[in-house]
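Chain and residue survey
Below, each chain spelled out in residue letters.
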Amino acid sequence: MENRLFSNKRLIKLIIPLVIEQGLTILVGMADGVMVSSVGEAAISGVSLVDMINAVILVLFAALATGGSVVTSQFLGARNYEKAQRSVGQLVLMAVALGIATMVPCILFDEQLIRLCFGSIEADVMEACLKYLRITAVSFPFIALYNAGAAIFRSTGNSKVSMQASMVMNIINVVGNAFCIYVLKWGVYGVAVPTLISRAAAGIYMVWKVTRPRQELRLTKQGISHLDGPMMGSILRIGIPSACENCFFSLGRLIVASMITLFGTSQVSANAVAGNIDRLGIIIGQAMGLAMVTVVGQCVGARDTDQAKYYIKKLLGWTYLAQGLTNLLIVIFVGQLVDFYSTLGPETRALAMKLSTMHASMAILFWPVSFVLPNALRASNDVKFTMWVGIFSMLVCRIFGSWILCVQLEMGAVGVWIAMITDWVVRTSFFVPRVISGKWKSKYKPS
């Protein structure tokens, strides 16, 4: 096929900064966990529980960014630069509004929110939760801006800017954590305050970059001076189903996490540690998922579904190769990775190793088609299918399955992780046939 939209060189130029960006985020998250673990198991449990609440909020920002990235990529693929430019201002406006709308209730109703999500938890864990939530909630408008800016640049194939912003954010975060925890002895506050400062810096940096002259797509005063209903609608038609799916996914994780809390702090801590380690195994997959949106979105906008299919296969193959190697290394060195969390008791350590091994070994087979492949469907506007599959699988496999295995059969965290792997298998059984069928090719309707 001649005149491909993305050469191998251009794909690598898009993907490598995304891998670095995702890697920085996950490695710094692990560093946070290691540092806060030095404060005690109550602290790491409290931070991990609030991070699950924060994850629900952050997927809203990510879903809105996905909607903006898909729409903008499609306009660029269709060579409609005027509409692509208009989408920039509307995405930023919606991001700021959503950031404020989520920040306020999290600050005003913090304790009620934690009890709603996790029920009765130990007093020292609740204290840690409240400290962490009150401060990190203030960062929501900034991280929403970061996501919007990253989506704008990625849609043009320029992932270098979001990588730079991520580097700024994560360097501030990890250095701030080390100083505030080990020098100032701030405990949970030592994790929360640097998170706020780093996200604020990333959001401001991204706004500065997107307003500079000579950008392919640029944020202007005119772009944010009025509301463009049809353009917002185009973004939300992609963003809302993605938000519904991802929020339900995160809410499901909250529900199953509340099941794990029934078995005590040791199981909560092991679940948190294993969750941090397992993020290493999906760094490349998450980057490929973001790249899939840009690449397939531009192919679909250009009305070239043959190229879209070609790049779906290519990116998925690269994901299996690279992510498979990463997860194999995690299985081999899982003991050494868990040992970074120096204050864990023997029971907690053993359980964390078991959970991490389960995740890494099964992720080699099922994670790419469960989470990278559906981004190709979203990029072609086949968002309702991915939404319903995601909601169905989360409800039946993760929530109901966890209730049976974790609570009724008293398997604890192990039962939750078995249910999670079952969820991957079910997603695979839907997404693979959908792509093969070609039904996604008819979902795109040019604006």
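The rules behind these values
- Residues numbered from 1 in each chain as written.
- Predicted model: local features only at pLDDT ≥ 70, side-chain atom pairs only at ≥ 80, totals over all residues.
- Heavy atoms only, no water.
- Helix = DSSP H or I, 4+ residues; strand = E, 2+ residues; numbered from the N terminus.
- Contact = heavy atoms within 4.5 Å.
- Buried < 20%, exposed > 50% of the residue type's maximum accessible area, 1.4 Å probe, protein only.
- Salt bridge = Lys/Arg side-chain N within 4 Å of Asp/Glu carboxyl O.
- Axes fitted to C-alpha atoms, helices over the stretch in contact; angles between N-to-C directions.
- Parallel < 35°, antiparallel > 145°, perpendicular 65-115°, else oblique.
- Nonpolar A, V, L, I, M, F, W, Y, C, P; charged D, E, K, R; others polar.
- Left-handed = near helix turned anticlockwise from the far one by under 90°.
- 1 Å grid on protein atoms, 1.4 Å probe; cavity = no way out; pocket = protein on both sides within 12 Å on 5 of 7 lines; lining within 4 Å.
- Points joined across faces, edges and corners; volume = space filled by probe spheres on them.

1. Quick look at the side chain of Ser69
Summarising the element assignment, Ser69 is placed in helix α2 (residues 41–77). Apart from residues lying up to four places away in sequence, Ser69 is in contact with Ala151, Ser155, Val293 and Thr294.

2. Structural notes on the environment of Leu93
Relative to the assigned elements, Leu93 resides in helix α3 (residues 81–108). Given the relative accessible area of 25%, Leu93 is considered partly exposed. For the pair formed by Leu93 and Ala379, sequence separation is 286 residues and the distance between their alpha carbons is 22 Å. Apart from residues lying up to four places away in sequence, Leu93 is in contact with Gly223, Ile224, His226, Leu227 and Met232.

3. Structural notes on the pattern of salt bridges
Summed over the entire model, instances satisfying the criterion amount to twelve salt bridges. When the shortest N-O distance is used, the salt bridge between Arg115 and Glu111 registers 3.3 Å. Placement of both Arg115 and Glu111 in helix α4 (residues 110–118) is noted, with a separation of four residues, approximately one turn of the helix. Overall, Arg115 belongs to the partly exposed group, its relative accessible area being 39%. Exposure remark for Glu111: the relative accessible area of 31% places this residue in the partly exposed category. Glu245 serves as the salt-bridge partner of Arg378, at 2.7 Å between the closest nitrogen and oxygen. One end of the pair, Arg378, is in helix α15 (residues 346–379); the other, Glu245, is in helix α10 (residues 229–261), and 133 residues separate them in sequence. By relative accessible area, Arg378 is classed as buried at 7%. Among the charged side chains, a network of salt bridges with common partners joins Glu245, Arg378, Arg398, Asp423 and Arg427.

4. A word on the packing of α10 against helix α16 (residues 383–408)
Axis separation between α10 and α16 bottoms out at 9 Å; the angle between their running directions is 5°. As judged from the angle between their axes, α10 and α16 are roughly parallel. Along the lines of polarity and charge, the residues of the contact of α10 with α16 split into 18 nonpolar, five polar and four charged.

5. Topic: the packing of helix α7 (residues 160–183) against helix α8 (residues 189–210)
Across the interface, α7 lies against α8 with an axial gap of 8 Å and an inter-helix angle of 160°. Here α7 is positioned roughly antiparallel relative to α8, judged by the angle of their axes. Regarding α7 and α8, the two cross each other, and that crossing is right-handed. Contact residues: α7 offers Val161, Ser162, Gln164, Ala165, Val168, Met169, Ile172, Asn173, Gly176, Asn177, Cys180 and Ile181, while α8 offers Gly190, Val191, Pro194, Thr195, Ile197, Ser198, Arg199, Ala201, Ala202, Tyr205, Met206 and Lys209.

6. Here we look at the side chain of Ser402
Assignment of secondary structure puts Ser402 in helix α16. What makes Ser402 buried here is its relative accessible area of 1%. If we skip the residues at most four places from it in the chain, Ser402 touches Val256, Met259, Cys397, Val407, Val416 and Ala419.

7. Description of the layout of surface pockets
The volume enclosed by the largest pocket comes to roughly 360 Å³. Arg237, Ile238, Asn381, Lys443 and Lys445 are, among the 18 residues lining the largest pocket, the residues nearest its centre. Elements with a contribution of two residues or more to the lining of the largest pocket: α2, α10 and α16. For the lining of the largest pocket, the element with the highest residue contribution is α10, accounting for four residues. Of the residues that constitute the lining of the largest pocket, the class distribution is eight nonpolar, four polar and six charged.

Any functional reading would require information that these geometric values do not contain.
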